[in-house]
Amino acid sequence: MAKKGKRYNEISQKVDKMKVYTPEEALELVFDTKSAKFVETVELAVRLGVDPRHADQQVRGTVSLPHGTGKTVRVLAITSGDNIQKALDAGADFAGDDEYISKIQGGWLDFDLVIATPDMMPKLGRLGRILGTKGLMPNPKSGTVTTNIEQTVTEFKKGKVAFKVDKLGSIHLPIGKVDFSKEAIIENFKVALNQIVKLKPAASKGQYLKTVAISLTMGPGIKIDPLLAGSFVAE
């Protein structure tokens, strides 16, 4: 295991690993855990009371953060005809049809998100091994397969985030940058967690929010009382 730096160790002492914080305490404390020379991302991690092996306990969706993520997302739109120019006008970094499918097959992956119109999905199927393993394959449930290419591109460029529960029953998503105001991070936290709560599967029994934590990219995790977190976002 790599040895932690002196700065990290000093910051870690500010976080009581045995304590479960209130949302207010955690959202205040996260700003005191800056250690990197770059602008770190504030990350939300939630472990859910679901069994992802069952289709009826999958949790997958999108959330439009009111203050965005602070990250510039490189969007590739796979579409055809007039929709290509519409996607570019809406802010897509790249837009096209077969030419981009061929580029991806050749190893090109200089993008963060793929949005596609339904007519292109049969062709994208051949890229399953490439895009699927990297979590980039467009999917209706994540809002990345759409008939309204303009609106979808605009929303994701402004800070819409797609998320999916992993094999361990956890969801990780960015909720801003450490140079955001505390108010902006609080609002993004509430909206993100509220959306996850809304997507609770009917098949999920017992406590849904098992653990909730926030951290910076290079900082220690700050545990939040899951019951208080649920009440906090409902305010």
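For every chain, the first residue of its written sequence is number 1, and the numbers climb from 1 along that sequence. At least 70 in pLDDT is required for a residue's local features to be given in this predicted model, at least 80 for side-chain atom pairs to be given and counted, and no such filter applies to totals for whole chains, interfaces and linings, which use all residues. In computing side-chain values, all of the structure's heavy atoms are included and hydrogens and water are not.

Per an unreviewed UniProt entry, the chain is named Large ribosomal subunit protein uL1, and its organism is Leptotrichia rugosa. UniProt positions are given in the numbering used here, feature names are shortened, and annotations may be inferred rather than shown by experiment. Among the UniProt annotations of the chain, the heading Subunit (unreviewed entry) holds the following wording: "Part of the 50S ribosomal subunit." Database annotation for the chain, UniProt heading Sequence similarities (unreviewed entry): "Belongs to the universal ribosomal protein uL1 family."

Asker: Report on the nonpolar core, specifying residues and quantitative values.
Answerer: The nonpolar core is taken to be a set of buried Ala, Val, Leu, Ile, Met, Phe, Trp, Tyr and Cys residues, with the residues joined through side-chain atoms within 4.5 Å. Residue exposure (1.4 Å probe, protein chains only): buried if accessible area is under 20% of the type maximum, exposed if over 50%, otherwise partly exposed. In terms of nonpolar packing, the biggest core is built from 39 residues, with Leu44, Leu48, Leu173, Phe189 and Ile214 touching the most fellow members. We call two residues in contact whenever any of their non-hydrogen atoms come within 4.5 Å of each other. With sequence-adjacent residues up to four places away left out, Leu44 is seen in contact with Ile171, His172, Leu173, Ile175, Phe189, Ala192, Leu193, Val212, Ala213 and Ile214.

Asker: Let's hear about the packing of aromatic side chains: which residues, and what values?
Answerer: Ring geometry is summarised as follows: Phe, Tyr and Trp rings, the Trp one being its six-membered ring, pair when their centres sit within 6.5 Å, and such pairs are stacked at plane angles under 30 degrees, edge-to-face over 60 and tilted between the two. Taken as a whole and judged by the stated rule, the model has five aromatic pairs. A centroid spacing of 5.5 Å and a plane angle of 45° characterise the contact between Tyr100 and Trp108, whose relative ring orientation is tilted. On the numbers, 6.0 Å between centres and 50° between planes, the contact of Phe189 with Phe232 is tilted. Of this pair, Phe189 sits in helix α8 (residues 182-198) while Phe232 sits in helix α9 (residues 226-233); the two residues are 43 residues apart in sequence, bridging distant segments of the chain. Where helices and strands are cited, they refer to DSSP runs of H or I of at least four residues and of E of at least two residues respectively, numbered from the N terminus.

Asker: Tell me about the layout of surface pockets, residues and numbers included.
Answerer: Unoccupied space between atoms shows up once a probe the size of one water molecule is rolled over them. Cavity: a set of points on a 1 Å grid over the protein atoms alone where a 1.4 Å probe fits but cannot get out. Pocket: an open set with protein on both sides within 12 Å along at least five of seven lines, its lining residues, like those of a cavity, having an atom within 4 Å of a point. Grid points are joined across faces, edges and corners, and a volume is the space filled by probe spheres set on the points. The computed volume of the largest pocket comes to approximately 990 Å³. Lining of the largest pocket is provided by 35 residues; of these, Asp112, Leu113, Gly135, Ala162 and Phe163 occupy positions nearest its centre. Listed by contribution, the elements that provide at least two residues to the lining of the largest pocket are β5 (113-116), α7 (149-158), β6 (160-164) and β7 (170-177). Of the residues contributing to the lining of the largest pocket, the split by class is 14 nonpolar, 11 polar and 10 charged. Classification used: nonpolar for Ala, Val, Leu, Ile, Met, Phe, Trp, Tyr, Cys and Pro, charged for Asp, Glu, Lys and Arg, polar for all others including Gly.

Asker: I'd like a description of the sheet that holds β5, backed by residues and values.
Answerer: Pairing within the open sheet is parallel, and its three strands lie in the order β4-β3-β5. In the strand order of this sheet, the two ends are held by β4 (94-96) and β5, each with one partner. Averaged over neighbouring strand pairs, the angle between their axes works out to 15° when direction is ignored. Strands β3 (75-78) and β4 of the sheet are contacted by helix α3 (residues 82-89), whose axis makes an angle of about 170° with β4. Across the sheet, α7 is in contact with β3 and β5; its angle to β5 comes to roughly 165°. Only when DSSP finds a minimum of two bridges between them are two strands counted as paired. Axes here refer to lines fitted to C-alpha atoms; in helices the fit is confined to the stretch in contact. Angles between the N-to-C directions go from 0 to 180 degrees.

Asker: How would you sum up the sheet that holds strand β8 (residues 209-216)? Please name residues and give values.
Answerer: On the basis of which strands lie adjacent, the open sheet formed by four strands has the order β7-β1-β8-β9 and antiparallel pairing. What marks the edges here is a single partner per strand, and that holds for β7 and β9 (222-224). Direction aside, the axes of adjacent strands within the sheet are offset by 25° on average. Relative to β8, strand β1 (residues 41-48) runs antiparallel, the two being bridged by seven bridges. Following the sheet pairing, Arg47 is matched in β8 by Thr211. Packed onto the sheet, α8 meets β1, β7, β8 and β9 and runs at close to 155° relative to β7. Helix-sheet contacts for α9 involve β8 and β9, and the interaxial angle to β8 is about 80°.

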